[in-house]
Amino acid sequence: MNFIDILKDYWPMLLEAAFMTIKLTIITLPFALILGLLACLCGMTKHFKFINVIYLNIVRGTPILVQVFFIYFGIPSVMKELFNMPFKFTAITAGVITLSLNAGAYLSEIFRSGIQAVNKGQMEAARSLGLPYHKAMTKVILPQAFRIVVPSVVNQFIITLKDTSIISVIGLTELTFQGKQIVATTYKAFYVWIMVGIIYFVIIYLLTKLSKFMERRLSNDKGKGK
Amino acid sequence: MIKVKVSNLKKNYGDLTVLKDINIEVHEGEVVCLIGPSGSGKSTFLRCINQLEVATDGSIIVDDVEITDKKNDINKLRENVGMVFQQFNLFPHLTVLQNITMAPIELKKMNKAQAEEKAIELLEKVGLADKKDVYPTQLSGGQQQRVAIVRALAMNPDLMLFDEPTSALDPEMVGEVLDVMKDLAKQKMTMIVVTHEMGFAREVSDRVLFMDGGYVVEEGSPEDIFTNPKNPRTISFLNKVL
């Protein structure tokens, strides 16, 4: 059995698994964006800053593997013990929760740095015209910050896509899990993992191209690139 | 009529005292120039007048409203006080026209058509009507600063603050900005100008304040300050810059 044979026999399974990987990533993205924005806004207030700090430190200070075990096994177990409630996440739900919490934390830092990267004079100019803080933020600062953060946000999406492979540990049939299964039946670890690697690579390569395209569009549109 | 009255103004940054005790009055229609060495507190003082810097102590009254009182709505006051910055601070994501009309539209002073009409009228006065649809980065420094002045004027302010408006410009562009300011002065706009352009201060201002070390050390007509300064620090400063 060589590379071609494996591809012939297993391409529908691999394709389906790749689709699951993409699906997991795409469902995660909006949640991560919302979480990231909320956490970032919390971080900019005096009273809710602690929420941002705690959240960020927990996510940064623990491995994703531990987080996914905690959510998939830990939470249902404590629900049963304390409230005697039969409760279970599906693998994909647990995966989305873990990945969203993770990406959200890093996105909040990206958003914060984007806002800080906008020149201080912009806020002053907006306020000097009489615009209240929230209007200065939405009309002047955020549109500029948005353009600054696009490359980093896409980069975070790529990291999230790669992190989906960790969700294989709870039995979600995504690309890495499927790879393991195929190796277990064919014993052709070299060919299978090369194939899985190529599939990840192609998806990410296309994403990178898309982000470059978006960056160019954004900067051309607004007369930035003279 | 007194437009701005500043009494016992103090400003600290931590242990550093930048403004020690400022007391001045500016009358309606008056052009006041602030001169002095760097670090003397000129810009900080100017920025206190629209509370971009919050005063540590003392009071500032603009149009009979005590702006240092937290109960008063600072945003309402700022609508009537225009400010022009050294670094222009135009909004790079908006066209010239959008830069100028954003605040009047957002703050519901005018609808879009009125705001644009007024903006174009003002742009014509500074000779930039043909640039209304370009982005700020496509303009020269002098053009950007003229747009910044128009942006402030679009709110119909009755007091204009200028924070070293020509310091970031190439020498050959200084004139075009100063000309716009001279026109404003002729129209009896009340102006407070922090500047290193001694020629402008001498020609246009009604009064010159010399600041040093957080105090207004000397004030008087441009004639007095430039030809007959009394304070030794004023004399030594003017000897260096003139």
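Use the structure listed above.
Keep in mind that what you see is a predicted model, and the values were worked out from it rather than measured.

Participant: If you had to explain the overall build of chain A to someone new, which residues and values would you point to?
Facilitator: Counting its secondary structure elements, chain A contains eight helices and zero strands. Each helix and strand of chain A, placed in order from N terminus to C terminus, yields the pattern α-α-α-α-α-α-α-α. Each charge sign in chain A was given a centre, from 23 positive and 10 negative side chains, and these centres are 12 Å apart.

Participant: Break down unusual backbone geometry for me, citing the residues and quoting the values.
Facilitator: Residue and element names in this part refer to chain B. The backbone of K108 shows a phi angle near 60 degrees, a positive value even though the residue is not glycine. Examined against the element boundaries, K108 turns out to sit in the loop between α3 (96-106) and α4 (112-125). Judged by relative accessible area, K108 falls into the exposed class, the value being 70%.

Participant: A description of the packing of helix α5 (residues 120-128) of chain A against helix α6 (residues 133-163) of chain A should follow, citing residues and the corresponding values.
Facilitator: All names here are of chain A. Closest axis-to-axis distance for the α5/α6 pair is 9 Å, and the angle between their directions is 140 degrees. Crossing of α5 against α6: the hand is right-handed. For the pair α5 and α6, the contacting residues are Q122, M123, A126 and R127 in the first and Y133, A136, M137, V140, I141 and Q144 in the second. Class assignment for the residues of the contact of α5 with α6 results in seven nonpolar, two polar and one charged.

Participant: Kindly report on empty space enclosed by the protein, identifying the contributing residues and their values.
Facilitator: Under the counting rule described, the total for this entry stands at one cavity of 30 Å³ or more. By volume, the largest cavity amounts to about 40 Å³. Lining the largest cavity, in full, are S128(A), L129(A), R78(B), E79(B), V81(B), G82(B), M83(B), A152(B), M155(B) and P157(B). Counting residues per element, the ones that place at least two in the lining of the largest cavity are α2 (74-79) and β6 (81-84) of chain B. Of the residues forming the lining of the largest cavity, the biggest block, three residues, is contributed by β6(B). Looking at the lining of the largest cavity residue by residue, the class counts come to six nonpolar, two polar and two charged.

Participant: An account of the sheet that holds β6(B) is requested, with residue identities and associated values reported.
Facilitator: Two strands in a sheet stick together by hydrogen bonds in their backbones, pointing the same way (parallel) or opposite ways (antiparallel). All names here are of chain B. Read from one edge to the other, the open sheet built from six strands follows the order β6-β7-β8-β3-β9-β10, with strand pairing classed as mixed. Two strands bound the open sheet, and with one partner strand each, they are β6 and β10 (215-220). Taken over all neighbouring pairs, the strand axes of this sheet differ in orientation by 20 degrees on average, direction set aside. Of the strand pairs in this sheet, strand β9 (residues 207-212) and β10 are connected by five bridges, and their pairing is antiparallel.

Participant: Can you tell me about the packing of aromatic side chains, naming the residues and giving the values?
Facilitator: Residues and elements named next belong to chain A. This model, assessed by the stated rule, comprises seven aromatic pairs over all chains. For the pair Y72 and F73, a centre-to-centre distance of 4.9 Å together with 70 degrees between the ring planes defines the contact as edge-to-face. Residue class for Y72 comes out buried when judged on its relative accessible area of 11%. The class of F73 is partly exposed, set by a relative accessible area of 45%. Aromatic side chains F201 and Y205 sit 6.0 Å apart centroid to centroid with 15 degrees between the ring planes, which places their arrangement in the stacked category. One end of the pair is F201 and the other is Y205, both in helix α8 (residues 189-221) and four residues apart, which spans about a single turn. For Y205, a relative accessible area of 44% puts it in the partly exposed group. Taken together, the ring pairs connect F3, F190 and Y191 into an aromatic cluster.

Participant: Run through the layout of surface pockets, naming residues and quoting values.
Facilitator: Residue and element names in this part refer to chain A. Estimated volume of the largest pocket: approximately 400 Å³. Forming the walls of the largest pocket are 18 residues, and the residues nearest its centre are L33, F111, F146, V149 and V153. Where the lining of the largest pocket is concerned, the elements lending two or more residues are α1 (3-44), α4 (91-117), α6 and α8. Looking at the lining of the largest pocket element by element, the count peaks at eight residues for α6. Class assignment for the residues of the lining of the largest pocket results in 17 nonpolar, one polar and no charged.

Participant: Requested: an account of the nonpolar core, with residues and values cited.
Facilitator: Soluble globular proteins tend to bury their nonpolar side chains together. Counting 56 residues, the largest nonpolar core has L9(B), F45(B), V62(B) and I192(B) as the members making the most contacts within it. Take this core: its biggest share by element is eight residues, from α6(A). Ignoring any residue separated from it by four or fewer positions in sequence, one finds F45(B) in contact with V6(B), L9(B), L19(B), I22(B), I24(B), L34(B) and M211(B). Membership of the second largest hydrophobic core comes to 46 residues, among which are A119(B), V150(B), V174(B) and V208(B).

Criteria and cut-off values
Residues numbered from 1 in each chain as written. Chains lettered and ligands numbered in written order. Predicted model: local features only at pLDDT ≥ 70, side-chain atom pairs only at ≥ 80, totals over all residues. Heavy atoms only, no water. Helix = DSSP H or I, 4+ residues; strand = E, 2+ residues; numbered from the N terminus. Lys, Arg positive; Asp, Glu negative; His and termini not counted. Charge placed at Lys NZ, Arg CZ, Asp CG, Glu CD. Buried < 20%, exposed > 50% of the residue type's maximum accessible area, 1.4 Å probe, protein only. Axes fitted to C-alpha atoms, helices over the stretch in contact; angles between N-to-C directions. Left-handed = near helix turned anticlockwise from the far one by under 90°. Contact = heavy atoms within 4.5 Å. Nonpolar A, V, L, I, M, F, W, Y, C, P; charged D, E, K, R; others polar. 1 Å grid on protein atoms, 1.4 Å probe; cavity = no way out; pocket = protein on both sides within 12 Å on 5 of 7 lines; lining within 4 Å. Points joined across faces, edges and corners; volume = space filled by probe spheres on them. Pairing = 2+ DSSP bridges. Phe/Tyr/Trp six-rings, centres within 6.5 Å; stacked < 30°, edge-to-face > 60°. Core = buried A, V, L, I, M, F, W, Y, C linked by side-chain atoms within 4.5 Å.

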